[in-house]
Amino acid sequence: MSQAFDVAALAATYANKSPQDILKLAFEHFGDDLWISFSGAEDVVLVDMAWKLNKQVKVFSLDTGRLHPETYRFIDQVREQYNLPIEILSPDRAKLDPFVKDKGLFSFYKDGHGECCGIRKIEPLRRKLSTVSAWATGQRRDQSPGTRSQVAALEIDSAFSTAERTLYKFNPLAQMTSAEVWGYIRMLELPYNSLHERGFISIGCEPCTRPVLPNQHEREGRWWWEESTQKECGLHAGNLISKA
């Protein structure tokens, strides 16, 4: 990473820049130490843009063990289309097995999704991010008015930085709308999760995701039994911290 990296100043400067400009900035400062987080429709747009700037871009995806079959197929489609060795992150069996033995497979319907997400998603992600300096996500401000409306183009990751190490987080698609994302996908005929053809918009684990009705917001299909302003699994917990 080059030394001149003032996050606040750059965030202001790049607030209205294109996703490609934000990615160029990320690669300029972090090069091969920048990783792309991939899972959903936004992320295939992010991967496409990043790959066009750097054919050796590094990509990872979380496999919670509870994803839809269609999601696994989608991950493999992207792997093949871009010839990228997507790194799959899995839960630690030493933590997952006792949890499932004690609480079963659907405890989150009773006591919230926090503990399950912590084991299946947060711990593997923390393990990965402890080895890198920067990552980029497909977060958009219009994804969730309750938790993502203030997403910045770049920021210090308050959830995964430590006292010893600062982690930088880029959100190149922050300003893009759902319509713009899908316009990009259709225009370039990019692969997408076939669940989108069945009314799913925001897609996570199978037990925690459902289609949405007409005029419902996309995040209403996630953790629908919980309070709307808490609909983050912890991957982007900084969104909740910043609103506190």
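Only a predicted model underlies this, so the values are computations on that prediction, with no experimental measurement involved. (Residues numbered from 1 in each chain as written. Predicted model: local features only at pLDDT ≥ 70, side-chain atom pairs only at ≥ 80, totals over all residues. Heavy atoms only, no water.)

1. Notes on unusual backbone geometry
In this structure, Asn83 takes a positive phi of about 55 degrees despite not being glycine. Locating Asn83 in the fold gives a position in the loop between helix H4 (69-82) and strand E3 (87-89). Looking at Asn83, the relative accessible area reads 68%, which means it is exposed. Of note in this structure, Glu189 is not a glycine but carries a positive phi near 55 degrees. (Helix = DSSP H or I, 4+ residues; strand = E, 2+ residues; numbered from the N terminus. Buried < 20%, exposed > 50% of the residue type's maximum accessible area, 1.4 Å probe, protein only.)

2. Points about the UniProt feature "binding site: [4Fe-4S] cluster" (unreviewed entry) in the protein
Residues given the UniProt feature "binding site: [4Fe-4S] cluster" (unreviewed entry) here are Cys116, Cys117, Cys205 and Cys208. The greatest C-alpha distance among the residues just named is 11.0 Å, despite their covering 93 residues of sequence, which places them together in space. The subset of these annotated residues that lines the second largest cavity comprises Cys116, Cys117, Cys205 and Cys208. Turning to its location among the elements, Cys116 is positioned in helix H7 (residues 114-129). Sequence-distant contacts of Cys116, that is, excluding residues within four places in its chain, are made with Phe99, Phe108 and Lys121. Turning to its location among the elements, Cys205 is positioned in the loop between helix H8 (178-188) and helix H9 (238-243). Not counting residues up to four positions away in its chain, the partners in contact with Cys205 are Thr64, Arg66, Leu67 and His68. (UniProt positions renumbered as here; feature names shortened; annotations may be inferred. 1 Å grid on protein atoms, 1.4 Å probe; cavity = no way out; pocket = protein on both sides within 12 Å on 5 of 7 lines; lining within 4 Å. Contact = heavy atoms within 4.5 Å.)

3. Quick notes on the sheet that holds strand E4 (residues 134-136)
Strand order in the open sheet made by the six strands is E3-E2-E1-E4-E6-E5, with mixed pairing throughout. Among the strands making up the open sheet, the edge pair consists of E3 and strand E5 (154-156). The sheet shows a mean angle of 30 degrees between the axes of neighbouring strands, direction not considered. Most of the contacts of helix H2 (residues 19-30) go to strand E6 (residues 168-170), to which it runs at about 155 degrees, and overall it touches strand E1 (34-37), E4, E5 and E6. (Pairing = 2+ DSSP bridges. Axes fitted to C-alpha atoms, helices over the stretch in contact; angles between N-to-C directions.)

4. Structural notes on the nonpolar core
Formed by 41 residues in total, the largest nonpolar core has its most connected members in Ile36, Phe38, Leu154 and Phe170. Broken down by secondary-structure element, the contributors of at least two residues to this core are helix H1 (7-13), H2, E1, helix H3 (41-53), H4, E4, E6 and H8. Apart from the residues within four sequence positions on either side, Phe170 is in contact with Phe5, Ile22, Leu25, Ala26, Phe30, Leu34, Ala134, Trp135, Ala136, Thr137, Ala153 and Leu154. Listed in part, the twelve residues of the second largest apolar core include Trp35, Phe60, Leu62 and Leu125. (Core = buried A, V, L, I, M, F, W, Y, C linked by side-chain atoms within 4.5 Å.)

5. Points about the pairing of strand E2 (residues 58-62)
By the criterion of burial, E2 is predominantly enclosed, with four of the five residues buried. Bridge count between E1 and E2: three bridges; the pairing is parallel. Bridge pairing in E2 links Ile36 to Val59. The sheet contact formed by E2 and E3 spans three bridges and is parallel. Along E3, the bridge assignment pairs Phe60 with Glu87.

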